Amino acid sequence: MVFRFICARSTVMCYLSLAYRPMRYSHAFIPTLRDDPADAEVISHKLLLRAGYIRRVTSGVYDFLPLGLRVLRRIESVVREEMNAAGGEELLMPMVQPSELWKASGRWEKYGPELLRFNDRHQHESCLGPTHEEVICDLVARELRSYKQLPMNLYQIQAKFRDEIRPRFGLMRGREFIMKDAYSFHADDADLQREYQNMFAAYQRIFTRLGLKFRAVEADTGSIGGSDSHEFHVLADSGEDLIAHCAVCEYAANVEKAESIRSVPDGEAAELAGVDTPNASSIEEVTAFLSVDAALLIKTLMYQVSGGEFDGKVVAVCVRGDDQVQEIKLLHALNADALEMAADTEIEAVGGVAGFVGPVGINCPVLCDESLRDAIGMIAGANAVHSHLRAVDMGRDVAAVFADLRQTRAGDNCPKCGGAMALSRGIEVGQVFALGRRYTQPLEVCFQAQNGKRETATMGCYGIGVSRLMAAIVEQCHDDAGIAWPLEMAPFHVVLISMGQGEVVVQASQDLYASLQASGLGVLWDERKERPGVKFKDAELIGIPLQVVVGERGLKEGVIEAGVRGGERSSVLLDDAVAEITALAESLRGAVI
RNA sequence: CGGGACGUAGCGCAGCCUGGUAGCGCACCAGUCUGGGGGACUGGUGGUCGCCGGUUCGAAUCCGGCCGUCCCGACCA
């Protein structure tokens, strides 16, 4: 790869024509901003706006300016190379999709308002694709005949649209975004598992090449469905996801899914008894009033359920006082589509009192977290105003269904090895799913097997958030001066800064510009009539990894200066410049910041 | 959808409380000086004060409605 980069310019330069096309700064559209835009919160959003990579068009929808497009192309090319190397074949599917396919999979009803629906002039129902399982299944179903055509892995890099409730953080959570999505089809589940591992490994190569600190974690499958799933998270404090990982073993999972163990509370057995708790309803108030540990309380939350066997009903959900309900887990336990906190009147209808609800004697289904299974001597709401119950014995007093419902906390024990769990924030940049026959069945992706029987293919899907990656890289690669792109992601490898407008400087710059290009480097020549400070500030803001300075002072000695962004520049003989700069580029290759 | 903040020049902001010529910094244009880390001076350009309505002799300012943006929550890959 290194070799190709430096030497094979005829092919590489052609292939990367946009990504590394050289540019004179005065001809380039790079609108940089001196101040942080007021409506940007996270660092990647601020810097991508300030450095002239993106501009907002409308809520959650952005223009990619020339610099932004260059970086997007760089990310795409890494993804594309690794996908191709892993056996994927690229295709392109439409953004507009007919409702029929979504009705066939059942997601027209299930997907909710995130799916942007509209009618065309013939009143035909359509939607903008948030993902492409339906379309690819429809395509493959039409063409697949024999097991001999399997396996196949088809992918695309394309815009998606999801009508997010709350787009935010710039590219991090837009409504329109660029995604690489791959879909694999297999004759049997064993082969799907093989491909799942293959994609998992490809993803690790991709994120490694992008120079990211990342972690693969077990994940919930969300609205995509299927059995196994892993997410790839870039570790960053600004991340929207919480991931739990064991400090000792390899276990790591999104908190939506992460299991963990905690000790049984050490309550003492006693007769069930009421206790007055005037105006004390929150966990904090009750623990303070009764001087007990929150771990000895039962927190009871009332939910209104949509979908599944409890559709339209209210259920009581209990966790310990110092735990939080993990609603994704609850959703699965109930096999429900959606949850909402019950209104006070709904709580009263099942014999509860808002603020003092408890599982004892409540007239609705009760789900309790596993950590309460053998708990005794607990304190719970009494379903009466200003009143709680002492010495609740779960086995004796409560008729409950137990399930894993609590969110893993830092310090809990690992379910695999018992080690301590820790929590980190992550930006989800990729996810792999073993879907099984969730889509191939309804959309009839069938083939004739070796034994002559007609069988349904099994399927996997694999996504990477390409535009989100651009933000994630900036989150990890920046400093006070601006963006610090890894060499392979940078819109240009090197910025050539000319000091002054003198003829000698211009001529030397021009020559160097040409010879750097010829060596295969992407060069931005800053020949603007600006003061040096402005040029340096802009170069560092937009994040070009290498700097070359050509000035009259140095040229008199036959030298220019070269260095990496954020470091010291050193004098280099003009004759050695290209070799030195190429060597500098080489030293940055693959370096993780 | 609930809670909060905000909307004045390309960007960042003041003015609003207490109604009376629309301002500041940066950017932009012209010129002079300068010339190795967002330089100085002089003179300029640029605004339906988010929109609609109301109160008033007079509204950026007060009142009502709407739209948009950001933050927190709920939701989501």
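Here is a short report on the structure shown in this document. Everything quoted here is computed from the prediction, not taken from an experiment.

1. Structural notes on the protein's contact with RNA strand B
Here is step 1 of the chain: Around RNA strand B lies a shell of 41 residues, among which R173, E327, E428, Q431 and E540 are the nearest.
Here is step 2 of the chain: The sugar-phosphate backbone supplies 48% of the atoms of RNA strand B found within 4 Å of the protein.
Here is step 3 of the chain: Between R166 and RNA strand B, the recorded distance is 3.0 Å, taken from a side-chain N or O atom to a phosphate oxygen.
Here is step 4 of the chain: Here a base nitrogen of RNA strand B sits 3.2 Å away from a polar atom, N or O, in the side chain of R468.
Here is step 5 of the chain: Elements with a contribution of two residues or more to the surface near RNA strand B: α10 (327–334), β22 (421–436) and α15 (532–542).
Here is step 6 of the chain: Take the surface near RNA strand B: its biggest share by element is seven residues, from α15.

2. A word on the packing of helix α4 (residues 66–85) against helix α8 (residues 189–209)
Here is step 1 of the chain: For the pair α4 and α8, the least separation of the axes is 10 Å and the interaxial angle reads 150 degrees. Relative to α8, α4 is oriented roughly antiparallel. For the crossing formed where α4 meets α8, the hand is right-handed. On the side of α4, the interface is formed by V78, V79, E81, E82 and M83, while α8 contributes M199, Y203, R205, I206 and R209.

3. Section: the pattern of salt bridges
Pairing is possible between side chains that carry opposite charge, provided their charged atoms lie close to one another.
Here is step 1 of the chain: Scanning all chains against the criterion turns up 35 salt bridges.
Here is step 2 of the chain: D323 serves as the salt-bridge partner of R406, at 2.7 Å between the closest nitrogen and oxygen. Placement of the pair is R406 in the loop between β21 (401–403) and β22 and D323 in the loop between β16 (314–320) and α10, with a sequence separation of 83 residues. Assigned by exposure class, R406 and D323 land together as buried.
Here is step 3 of the chain: Between R528 and D526 there is a salt bridge, with its nearest N and O atoms 2.9 Å apart.
Here is step 4 of the chain: R528 sits in the buried class, given a relative accessible area of 14%.
Here is step 5 of the chain: In this structure D526 comes out as buried when scored by relative accessible area, which is 0%.
Here is step 6 of the chain: A single salt-bridge network, built from bridges that share partners, covers R262, D322, D323, R406, R409 and D412.

4. A closer look at α15
Here is step 1 of the chain: Of all the positions in α15, only K535, F536, D538, A539, E540, L541 and I542 are classed as buried.
Here is step 2 of the chain: Positive phi shows up at G543, right after α15, with a value of about 90 degrees.

5. Overview of the sheet that holds strand β19 (residues 378–381)
Here is step 1 of the chain: With respect to topology, three strands assemble into an open sheet ordered β14-β20-β19, the strand pairing being antiparallel. Every other strand in the sheet has two partners, leaving β14 (273–276) and β19 as the edge strands with one partner each. For this sheet, the mean angle separating the axes of adjacent strands, direction not counted, is 35 degrees.
Here is step 2 of the chain: With four bridges joining them, β14 and strand β20 (residues 387–392) adopt antiparallel strand pairing. Along β20, the bridge assignment pairs A273 with R390.

6. What to know about the nonpolar core
Here is step 1 of the chain: The biggest cluster of nonpolar side chains holds 67 residues, and the ones touching the most others in it are L48, Y53, I75, Y203, F207, M470 and W485.
Here is step 2 of the chain: Here this core takes eight residues from α8, the largest share from any one element.
Here is step 3 of the chain: Contact partners of Y53, with chain neighbours within four places excluded, come to L48, D63, F64, L65, L67, G68, V71, M470, I483, W485, P491 and I542.

7. A look at unusual backbone geometry
Here is step 1 of the chain: With omega at -5 degrees, the peptide bond leading from L150 into P151 counts as cis.
Here is step 2 of the chain: Positioned with a positive phi, N279 is a non-glycine residue whose angle comes to about 60 degrees.
Here is step 3 of the chain: Mapped onto the elements of the fold, N279 is located in the loop between β14 and α9 (283–290).
Here is step 4 of the chain: Owing to a relative accessible area of 61%, N279 belongs among the exposed residues under this scheme.
Here is step 5 of the chain: In this structure, E444 takes a positive phi of about 55 degrees despite not being glycine.
Here is step 6 of the chain: Mapped onto the secondary structure, E444 falls in the loop between β22 and β23 (446–448).

8. Points about the pairing of strand β12 (residues 241–246)
Here is step 1 of the chain: Judged by how many residues are buried, β12 sits mostly within the fold: five of six residues are covered.
Here is step 2 of the chain: Pairing geometry for β12 and β22, over six bridges, is antiparallel. Bridge pairing links H245 to A422 in β22.
Here is step 3 of the chain: Pairing of β12 with strand β13 (residues 252–254), which is carried by three bridges, proceeds in the antiparallel orientation. Each residue of the ladder has a partner; that of A244, found in β13, is A253.
Here is step 4 of the chain: As consecutive antiparallel partners, β12 and β13 are separated by five residues.

9. Considerations on the packing of aromatic side chains
Here is step 1 of the chain: Counted by the stated rule, this structure contains nine aromatic pairs.
Here is step 2 of the chain: Each ring, one from Y203 and one from F207, has its centre 6.0 Å from the other, and the planes form 85 degrees; the classification is edge-to-face. Pair noted here: Y203 and F207 are both in helix α8, with a separation of four residues, about one helical turn. F207 matches Y203 in its accessibility class, with the two residues each being buried.
Here is step 3 of the chain: For the pair F207 and F214, a centre-to-centre distance of 5.6 Å together with 55 degrees between the ring planes defines the contact as tilted.
Here is step 4 of the chain: Overall, the relative accessible area of 0% leaves F207 in the buried class.
Here is step 5 of the chain: Residue classification places F214 among the partly exposed residues on the basis of a relative accessible area of 22%.
Here is step 6 of the chain: The ring of W108 has R117 sitting right over it, with the charged end atom 4.7 Å from the ring centre.
Here is step 7 of the chain: The ring of Y25 is capped by R528, whose NZ or CZ atom sits 3.6 Å from the centre of that ring.

Basis of the calculations
Residues numbered from 1 in each chain as written. Chains lettered and ligands numbered in written order. Predicted model: local features only at pLDDT ≥ 70, side-chain atom pairs only at ≥ 80, totals over all residues. Heavy atoms only, no water. Near = heavy atom within 4 Å. Polar contact = N/O pair within 3.5 Å; in protein donor to acceptor, adjacent residues only side chain to side chain. Helix = DSSP H or I, 4+ residues; strand = E, 2+ residues; numbered from the N terminus. Axes fitted to C-alpha atoms, helices over the stretch in contact; angles between N-to-C directions. Parallel < 35°, antiparallel > 145°, perpendicular 65-115°, else oblique. Left-handed = near helix turned anticlockwise from the far one by under 90°. Contact = heavy atoms within 4.5 Å. Salt bridge = Lys/Arg side-chain N within 4 Å of Asp/Glu carboxyl O. Buried < 20%, exposed > 50% of the residue type's maximum accessible area, 1.4 Å probe, protein only. Pairing = 2+ DSSP bridges. Core = buried A, V, L, I, M, F, W, Y, C linked by side-chain atoms within 4.5 Å. Phe/Tyr/Trp six-rings, centres within 6.5 Å; stacked < 30°, edge-to-face > 60°. Lys NZ or Arg CZ within 6 Å of the ring centre and 35° of its normal.

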